[in-house]
Amino acid sequence: MEGRRNVKVGMSLTAWVLRQQSLHPGARGELSILLTHVALAARMIAHKVSQAPLTGLIGQAGNVNVQGEEQAKLDIVADQVFLDAMMTSDLVSTLVSEEREEPAYVSEHWGRGHYTVFYDPLDGSSNIDVNVTVGSIFGIYRHRPNDRGRLTDLLRPGADQVAAGYVMYGASTILVLATEDSGVQGFTLLPEVGEFFLTHPDMQMPEVGRSYSCNESRQPFWSDEVRRVVARFREEEVGGSKRTARYVGSLIADFHRTLLKGGIFMYPGEVEKPGGKLRLMYEAAPLGFLAEAAGGGAHDGRQRILEKVADTLHERTPLFIGSKVDVEEALRILNP
Ligand code: P6P
């Protein structure tokens, strides 16, 4: 099946990356190399996740991360795998991980390292012990000249990303990514040969979706406006029938379904926690980049996610993301 960008189902990730590069005559091939290193990390983490019950890697590591959240053993393993894969690309000089308070500055790469990578190495890891889908999320920025190593080079709007994506470790391992002009492409791992193959060309978020997704047990902590938004989606009919509620509790699983089927995922802020739970730089911004590239939208209840500039690296943000009509409806209700 030909995608809009003349890509073919079955194309390997390597072939797709090289074809993308050929469309940019001035490209030096650096982003191509970096994306193949992301795929390397994905393959390695997929293996660790699938073998976890056999290798004793399920369960908690017995410490908490910078977020004050209990670290799963696999959080630590996935973080190191991602860090090593990025560093061996020889193209990244700054790495920011959900699992590390401070950025990892790879100073010896100052000469060649033109990129910063934000990543959540294993989002939803608390679901691993019950074998629910988890995922890695990444966002890639090109350094601003002469700003490298400074916080101002890191705290940038998501619209500055040159590539973003996620890896979903589920029934299949699927890598979904977009660059600035590639459209959203989904690749499925064939573990036997260790290569990803294009299975979801030119992914487009359906205009409107039949499901809404949020943790309704948080209702007592929401503002009246948020309650009105969720009530609207719960009661509104789409195509002559009520919407269905779908909530996995693993961001990548909930986002991937929304990307494929449409609808809206919401993790709102709360009266006592206006920032909500999810992180801007390595969760909301990469997914917002994909959502918009697929024709959908993402905001925090007031502002477009890709325009937000964080004050701190691990800043939280409310997130409303999904089909354009649905996220716009939420925005309208939240700002009467
Ligand atoms: P709650 C998983 O812990 C996570 O970070 C996301 O993957 C998920 O969307 C969210 O938290 C679920 O949070 O409060 O509904 O358990």
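Here is what the cut-offs are and how they apply
- Residues numbered from 1 in each chain as written.
- Predicted model: local features only at pLDDT ≥ 70, side-chain atom pairs only at ≥ 80, totals over all residues.
- Heavy atoms only, no water.
- Near = heavy atom within 4 Å.
- Polar contact = N/O pair within 3.5 Å; in protein donor to acceptor, adjacent residues only side chain to side chain.
- Areas by Shrake-Rupley, 256 points an atom, 1.4 Å probe, with all protein chains shown as cover.
- Nonpolar A, V, L, I, M, F, W, Y, C, P; charged D, E, K, R; others polar.
- Pairing = 2+ DSSP bridges.
- Helix = DSSP H or I, 4+ residues; strand = E, 2+ residues; numbered from the N terminus.
- Contact = heavy atoms within 4.5 Å.
- Axes fitted to C-alpha atoms, helices over the stretch in contact; angles between N-to-C directions.
- Buried < 20%, exposed > 50% of the residue type's maximum accessible area, 1.4 Å probe, protein only.
- Domains from an automatic or database assignment.
- Buried area = accessible area lost by both parts, 1.4 Å probe.
- Salt bridge = Lys/Arg side-chain N within 4 Å of Asp/Glu carboxyl O.

Another point: the site of the ligand. The environment of the ligand is made up of Asp123, Gly124, Asn215, Tyr247, Gly249, Ser250, Leu251, Phe265, Tyr267 and Lys277. Between an oxygen atom of the ligand and a side-chain N or O atom of Asn215, the distance comes to 2.8 Å. For the ligand, an oxygen atom lies 3.0 Å from a polar atom in the side chain of Lys277. Here the ligand has 400 Å² of accessible area as a free molecule, and 79% of this is covered by the chains. For the shell around the ligand, a count of residues per class yields four nonpolar, four polar and two charged.

The pairing of strands in a sheet happens through backbone hydrogen bonds and is either parallel or antiparallel. Across the sheet, which stays open at both edges, the five strands sit in the order β14-β11-β15-β17-β16 with mixed pairing between neighbours. Here the strands that pair on one side only, and so sit at the sheet edges, are β14 (244–245) and β16 (297–299). Here strand β11 (residues 211–213) pairs with strand β15 (residues 264–267) via two bridges, running parallel. The residue bridging Tyr212 from the neighbouring strand is Ile264, located in β15.

Turning next to the sheet that holds strand β4 (residues 104–105). In space, the eight strands of this open sheet follow the order β4-β3-β5-β6-β7-β8-β9-β10, with mixed pairing throughout. Sheet topology places β4 and β10 (195–200) at the edges, where each strand pairs with a single neighbour. Strand direction decides the pairing type here: strand β3 (residues 92–97) and strand β5 (residues 115–123), joined by five bridges, are parallel. Residue pairing for β5: Ser97 is matched across the bridge by Tyr119. Along the sheet, helix α1 (residues 13–22) makes contact with β8 (173–179), β9 (185–190) and β10, crossing β8 at roughly 0 degrees. Across the face of the sheet, helix α7 (residues 280–293) comes into contact with β3, β5, β6 (134–142), β7 (163–169) and β8 while running at roughly 80 degrees to β6.

Once that is clear, we can look at helix α6 (residues 251–261). In terms of residue burial, α6 counts as a mostly covered element, since nine of its eleven residues are buried. Leu251, Ile252, Ala253, Asp254, Phe255, His256, Arg257, Thr258 and Leu259 are the residues of α6 that are buried. Two residues or fewer after α6 comes Gly262, characterised by a positive phi angle close to 85 degrees.

Moving on, we come to the domain arrangement of the protein chain. Where interface size is given, it is often the accessible area lost as the parts come together that is meant. Taken domain by domain, the protein chain consists of domain 1 (2–200) and domain 2 (211–334). Relative placement of domain 1 and domain 2: their C-alpha centres are 23 Å apart. Contacts between the two partners involve 46 residues from domain 1, matched on the other side by 31 residues from domain 2. Each partner contributes to the roughly 2800 Å² buried at the junction of domain 1 and domain 2, and carbon and sulfur atoms together form 68% of this total. Its largest share of buried area at the contact with domain 2, domain 1 owes to Ile137, Leu155 and Tyr166, together 21% of the area lost on that side. In this assembly, domain 1 and domain 2 are joined by zero salt bridges. Those elements that provide at least two residues to the side of domain 1 that touches domain 2 are β3, β5, β6, α4 (151–154), β7 and β8. Here the residues of the side of domain 1 that touches domain 2 are counted per class, giving 26 nonpolar, twelve polar and eight charged.

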